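Coordinate analysis (summary)
Chain by chain, the residues run as shown.
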Amino acid sequence: MYRQDTIAAISTPTGVGGIAVVRTSGPDALAIALRHLKADTLVPRRATYCRFDDIDDVVAVYMPAGYTGEPTVELSCHGSLFVQQAILQALIDDGARLAEAGEFTRRAFLNGRLNLSQAEAVADLIDAVTPIQHRLAVSQLRGSYAQQLKELRQQLLDLTSLLELELDFSQEDVEFADRTQLQQLISTLDAQLSTLTKSFSLGNALKRGIPVAIVGAPNAGKSTLLNALLGDDRAIVSDIPGTTRDTIEETITIDGITFRIIDTAGLRHTDDTIEALGVERSRRAVADATIVIYLHDCTQPWSEPTIDLAGKRAITVFTKTDLPHSTPMGSCLSVSAKTGEGIDMLKAALVDAVSGDMQACDTLVTNPRHYEALLRVGQAMRRVAQGLADNIPTDLLAVDLRDALYHLGAITGEVSNDEILHNIFSRFCIGK
Ligand SMILES: Nc1nc2c(ncn2[C@@H]2O[C@H](COP(=O)(O)OP(=O)(O)OP(=O)(O)O)[C@@H](O)[C@H]2O)c(=O)[nH]1
Ligand SMILES: [Mg+2]
């Protein structure tokens, strides 16, 4: 699981830049670097400007316990591809091994520098391109719910150990573990778990982009609206009903929140096989969407959506307001995708639809692995609660508790195995 050798990699992205950083970590990091640097030694945590072989002048920093928790040397060199490669090659020729993807962070985890959910947050932080993704990653990196879960897990672990102690004294009919305390702990955990699991759909949507489906009758102006929102001629528009056959998805960022806008085929009954397939896709898009824009052409008589919008944030929007309209629009949003009138209001409405939900959650689970683990903890906890109510034997109770503990521990990494670690760290790039 943990190899004690010295690793090295280029930590900056592939390509030419002003500078690049080559990092080496492990027991021989300092010795290997010093064999190439024109310096007698490197003072810990101090920048030393010196020559690296005949390759380049570099700034070398030695940290006795760096990011990985191991002796680490970081060499900032000029960002030429040749220079970066030549320095890395020199370190490798001298005994360092090329680091695997995410190996620096993996070592940081194995050395207790980060817990597992924090290590995952490092990957999210690197991937973040919008302010929201950045905020979510930073909050996870700082610990957020992982710390709470860790504390609850510890309490549960203590109670489980007491329960298991009872098993050793099973002849004597004693109770070490206070059943009321256990019950209380279970309900505290249960409440936290359900808040966390509920937050996942929003957290995940925020991270990946909130899916917004535009639906409505053929010719309502859906594709024109998509184009207006994007400010780009993305989808084909025509006055022939049934123009859009397939769903079209494009991403926009409004006030730092990413939305995935999905244009769909107009909803109607049709004998055209291909169009029918498109309508089926529209239904699926609605099922997967967080927000549904029900678009109505204001020159046409009002018609109710023919699609089930239960559980969705539905926004009714009247369009083509540049034309004389026949439907009273009430307080609904109205736009002209043609002139752009009302588009800003619609964008504001999209942001409003999510920011309310965001404020309601103090913590957001964004990681599918955590979500799955939380669901499993919940299932195990319900079995424990039921078991307590049914007065089942202590050893059976202990089995379900162990199961809950396992999944809780998997989130922060108190329990981990090679497979979990591999799945997590292979997502990283080499050099991180
Ligand atoms: N005047 C006016 N015409 C519009 C507006 N929006 C769309 N149209 C016209 O309405 C017709 C249909 O527009 P589309 O965007 O193709 O409609 P759609 O809902 O995507 O239609 P399907 O893909 O067939 O379901 C086109 O001729 C557009 O130019 C608008 O705001 N004002
Ligand atoms: Mg269309």
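Residues numbered from 1 in each chain as written. Chains lettered and ligands numbered in written order. Predicted model: local features only at pLDDT ≥ 70, side-chain atom pairs only at ≥ 80, totals over all residues. Heavy atoms only, no water.

**Some details on the state of the cysteines**
Tallying each qualifying case throughout the model produces 0 disulfides. Sulfur of C50: no disulfide; nearest cysteine sulfur belongs to C77 and is 12 Å away. Of all cysteine sulfurs, the one in C298 lies closest to C332, which takes part in no disulfide; the gap is 12 Å. (Disulfide = S-S within 2.5 Å.)

**Describing the pattern of salt bridges**
When the charged atoms of two side chains lie near each other, side chains of opposite charge can form a pair. Counting across every chain of the model gives 26 salt bridges. One salt bridge in this structure joins E103 and R97, with 2.8 Å as the shortest N-O distance. For the pair formed by E103 and R97, the shared burial category is buried. For E249, the salt bridge identified is with R260, shortest N-O distance 3.1 Å. Here E249 is found in strand β8 (residues 248-254), whereas its partner R260 is found in strand β9 (residues 257-263), with 11 residues between them in sequence. Counted as one network, the salt bridges with shared partners bring together D5, E70, R97, E100, E103 and R107. (Salt bridge = Lys/Arg side-chain N within 4 Å of Asp/Glu carboxyl O. Buried < 20%, exposed > 50% of the residue type's maximum accessible area, 1.4 Å probe, protein only. Helix = DSSP H or I, 4+ residues; strand = E, 2+ residues; numbered from the N terminus.)

**Some details on unusual backbone geometry**
The phi dihedral of R45 falls on the positive side, at around 60°, and the residue is not glycine. Residue placement: R45 occurs in the loop between α1 (29-34) and β3 (47-52). Residue class for R45 comes out exposed when judged on its relative accessible area of 62%. Even without glycine at this site, K320 takes up a positive phi of about 65°. Following the sequence through the fold, K320 ends up in the loop between β11 (313-319) and β12 (333-334). A relative accessible area of 23% places K320 in the partly exposed class.

**What to know about the domain arrangement of the chain**
The domain boundaries assigned to the chain delineate domain 1 (7-115), domain 2 (122-205 + 367-412) and domain 3 (209-360). A separation of 39 Å is found between the C-alpha centroids of domain 1 and domain 2. (Domains from an automatic or database assignment.)

**Considering a nonpolar patch on the surface**
Taken together, L162, L165, F169, V174 and F176 make up a surface patch of nonpolar side chains, about 360 Å² in accessible area. Inspection of the secondary structure puts V174 in the loop between α6 (144-168) and α7 (179-208). Residue V174 is classed as partly exposed on the basis of its relative accessible area of 33%. (Patch = residues over 30% accessible without salt bridge, like charges linked within 9 Å, V, L, I, M, F, W, Y side chains within 5 Å. Areas by Shrake-Rupley, 256 points an atom, 1.4 Å probe, with all protein chains shown as cover.)

**A closer look at the coordination of the magnesium ion (ligand 2)**
Coordination of the magnesium ion (ligand 2) by the protein comes from S223 (OG) and T244 (OG1), over a distance range of 1.9 to 2.1 Å. In this pair, S223 sits in helix α8 (residues 222-230) while T244 sits in the loop between α8 and β8, placing the two residues 21 residues apart along the sequence. We classify S223 as buried; its relative accessible area is 8%. By relative accessible area, T244 is classed as buried at 11%. (Donors = N, O, S within 2.8 Å, 3.2 Å for Na, K, Ca; no water.)

**Focus on the site of ligand 1**
Around ligand 1 sit 24 residues in total, of which K222, T224, G242, T243 and T244 are the nearest. Within the backbone of T243, a nitrogen or oxygen atom sits 2.7 Å from an oxygen atom of ligand 1. Within the side chain of K320, one N or O atom sits 3.0 Å away from an oxygen atom of ligand 1. For ligand 1, whose free accessible area comes to 650 Å², the fraction covered by protein is 90%. With 3 residues, the single largest contributor to the shell around ligand 1 is α8. (Near = heavy atom within 4 Å. Polar contact = N/O pair within 3.5 Å; in protein donor to acceptor, adjacent residues only side chain to side chain.)

**A few points about the packing of α7 against helix α11 (residues 368-389)**
Relative orientation of the contacting elements α7 and α11 amounts to 150°, with a least axis distance of 9 Å. Considered as vectors, α7 and α11 are oriented roughly antiparallel to each other. For the element pair α7 and α11, the recorded crossing hand is left-handed. Of the residues in α11, those touching α7 at R179, L182, Q183, I186, L189, D190, L193, L196, T197 and F200 are P368, Y371, L374, L375, V377, G378, M381, R382, V384, A385 and L388. (Axes fitted to C-alpha atoms, helices over the stretch in contact; angles between N-to-C directions. Parallel < 35°, antiparallel > 145°, perpendicular 65-115°, else oblique. Left-handed = near helix turned anticlockwise from the far one by under 90°. Contact = heavy atoms within 4.5 Å.)

**A closer look at the packing of aromatic side chains**
Applying the stated criterion to the full structure yields 4 aromatic pairs. In this structure an aromatic cluster arises from ring pairing among Y294, W302 and F318. Note that R23 overlies the ring of F104, its terminal NZ or CZ placed 4.5 Å from the centroid. A cation over a ring is seen here: K432 above Y67, with NZ or CZ 4.3 Å from the ring centre. (Phe/Tyr/Trp six-rings, centres within 6.5 Å; stacked < 30°, edge-to-face > 60°. Lys NZ or Arg CZ within 6 Å of the ring centre and 35° of its normal.)

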